[in-house]
Amino acid sequence: MTQPALSLHTALPTPFTSAVPYHKSWNILSKPGAMNIEKALEERKLVKVVSAVRETLKTASSAPVSIAVTGNSGNGMSSFINALRGIGHGEKDAAPTGVVRTTQIPIHYSFSHFPNVELWDLPGTGATTQSLETYLEEMQFSKYDLFIIIASEQFSMNLVKLAKVIQGQGKKFYIVWTKLDRDLSTHVVSKEQLLQNIQENIQVILQNEGMCEPIIFLVSSFDPSLHDFPELRKTLHRDVCEIRYHALLENLSDTCEKVINDKAITLQRQMGSESFQDTFGIQNADHLGKCLNVYHSLFGVDDESLQEVAQSMGKPMEEYKTIMKSQDLHTVLTGDWALSWMNCNTASYLYSVLSYIPILGNTSIQYLRGWNQRRLLDIVVEDTKTILKKILKDAII
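Residues numbered from 1 in each chain as written. Predicted model: local features only at pLDDT ≥ 70, side-chain atom pairs only at ≥ 80, totals over all residues. Heavy atoms only, no water.

Of the regular secondary structure elements, the protein holds 16 helices and six strands. Buried residues in the protein amount to 47% of all 397 residues. Surface accessibility of the protein: about 19,900 Å² in total, with carbon and sulfur atoms responsible for 53%. (Helix = DSSP H or I, 4+ residues; strand = E, 2+ residues; numbered from the N terminus. Buried < 20%, exposed > 50% of the residue type's maximum accessible area, 1.4 Å probe, protein only. Areas by Shrake-Rupley, 256 points an atom, 1.4 Å probe, with all protein chains shown as cover.)

This is the structure:
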């Protein structure tokens, strides 16, 4: 049974709060950019990663973004698109408007205020006899980066379902209440009360459906300079930038994590061999402090490298150092009980006992020594990923 829409003039309880995550599927990181970052990581030069990221930002600032405008037929989607683009109804390239259903297929428009942003005017959900599920499939909702749900008069269950699908995809959406000029001309309560009622009615309807609180704008397409229109433009500009850089951050993180994981696997295979110990100057494999220093150097998270990165970012080195679980051997052993136990007096006694047992004892000692080194390496690897994530975020911000 269809749930009746709430009246505009019904006062409702205090709204709730939450955040709507979103993500991007296209690949913004170019092949040369990825290769530069991989090379920098291989050379253990995190400061070169920063340079490569900053170079990539130039590409990110012009990456394409698709915004879908959707809602029920008759809510004024095309009029809103014209107002948002700053184009009059009679001008060239304006979205067709009228009292009859004018948009039958998705149509995209350029957006002079936002280069490389496509504004898609989707047919209203009531434009055909198709079901909402068919509508979602035909409109290919998954290809859009941000959604603007247009509403007026009432916030129907169809719009709730649209919002649920968008939120389920991890995308950001706004709800824009249009035709506010008509509401204001016929309202029976004060202007302030009317605006509050509209906002709270939408929030409570979504709250009852287990939805996160949306961003709501109340506008009139006849005058884009009034009400929430200026704030809508400002928010849209900010979110377009965030969508682009969020995608870049994901791509960069994936690239860095792959290189780090591959390097860790290679080192684990070499670990324990004489060539490994000779190459990196590990004379005593049981000396975990020496091993820790070597691993830090191999992944570019030693003090000298971190200082270099911090200077390039204009930050104190402590910002990066303090998030490490492997700052020094004491920090490692304090935070890892298994590794700590393996290096306590009891473990040392176990080593001495095992050394008197032929074959089995030597094999056991070798296994335990290898486990210590692999565990220590794992901790350094995770620290490297953590530091790189912070470096990437700092570079993008």
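A separate point is empty space enclosed by the protein. Using the criterion set out here, one finds three cavities of 30 Å³ or more in the structure. Considering only enclosed or pocket space, the second largest cavity measures out at about 50 Å³ in volume. Forming the walls of the second largest cavity are S253, C256, E257, I260, K385, L388, K389 and L392. Taken together, the elements giving at least two residues each to the lining of the second largest cavity come down to α8 (229–270) and α16 (360–396). (1 Å grid on protein atoms, 1.4 Å probe; cavity = no way out; pocket = protein on both sides within 12 Å on 5 of 7 lines; lining within 4 Å. Points joined across faces, edges and corners; volume = space filled by probe spheres on them.)

In this fold, S326 is placed in the loop between α12 (318–321) and α13 (329–335). We classify S326 as buried; its relative accessible area is 0%. At a separation of 2.5 Å, a polar atom in the side chain of S326 contacts the side chain of D383. S326 has contacts with L292, H296, V332, I379, V380 and D383, leaving out every residue within four places of it along the chain. (Polar contact = N/O pair within 3.5 Å; in protein donor to acceptor, adjacent residues only side chain to side chain. Contact = heavy atoms within 4.5 Å.)

With twelve residues, helix α5 (residues 157–168) extends 16 Å between its outermost C-alpha atoms, agreeing within 8% with the 16 Å of an ideal straight helix rising 1.5 Å per residue. Taken together, the buried positions of α5 are M157, L159, V160, L162, A163, I166 and Q167. Buried residues along α5 sit against β1 (65–71), α4 (132–138), β4 (146–151), β5 (172–177) and α7 (191–208). Among the residues trailing α5, G170 stands out with phi positive, at a value near 75°. (Expected span 1.5 Å × (residues − 1).)

To continue, consider the environment of E43. The topology assignment puts E43 in the loop between α1 (31–42) and α2 (46–60). Along the chain, E43 and F299 lie 256 residues apart, while their C-alpha atoms are 8.7 Å from each other.

Attention now goes to the nonpolar core. One recurring pattern in soluble globular proteins: nonpolar side chains tend to sit buried together. Counting residues in hydrophobic clusters, the biggest one holds 50 residues, and the most contacted among them are Y295 and F299. Core analysis: the next-biggest nonpolar cluster, separate from the first, contains 32 residues, A68, I166, I175 and L180 among them. (Core = buried A, V, L, I, M, F, W, Y, C linked by side-chain atoms within 4.5 Å.)

A few words now on the packing of α2 against α8. Packing of α2 against α8 brings their axes to within 10 Å, and their N-to-C directions diverge by 140°. Accordingly, the angle class assigned to the pair α2 and α8 is oblique. Relative to α8, the crossing made by α2 is right-handed. Across the interface between the two elements, V53, T56, L57 and A60 from α2 touch R244, Y245, L248 and L252 from α8. Taken together, the residues of the contact of α2 with α8 sort by class into six nonpolar, one polar and one charged. (Axes fitted to C-alpha atoms, helices over the stretch in contact; angles between N-to-C directions. Parallel < 35°, antiparallel > 145°, perpendicular 65-115°, else oblique. Left-handed = near helix turned anticlockwise from the far one by under 90°. Nonpolar A, V, L, I, M, F, W, Y, C, P; charged D, E, K, R; others polar.)

We now examine α1. With twelve residues, α1 should reach 16 Å at 1.5 Å per residue; the first-to-last C-alpha distance of 16 Å fits that figure. The set of residues buried in α1 consists of G33, A34, I37, A40 and L41. Along the long axis of α1, the arc covered by the buried residues comes to 125°, so they all point the same way. In α1, the exposed residues that point more than 90 degrees away from the buried face are K31, P32 and K39. Positive phi shows up at R44, right after α1, with a value of about 60°. (Arc of directions from axis to C-beta.)

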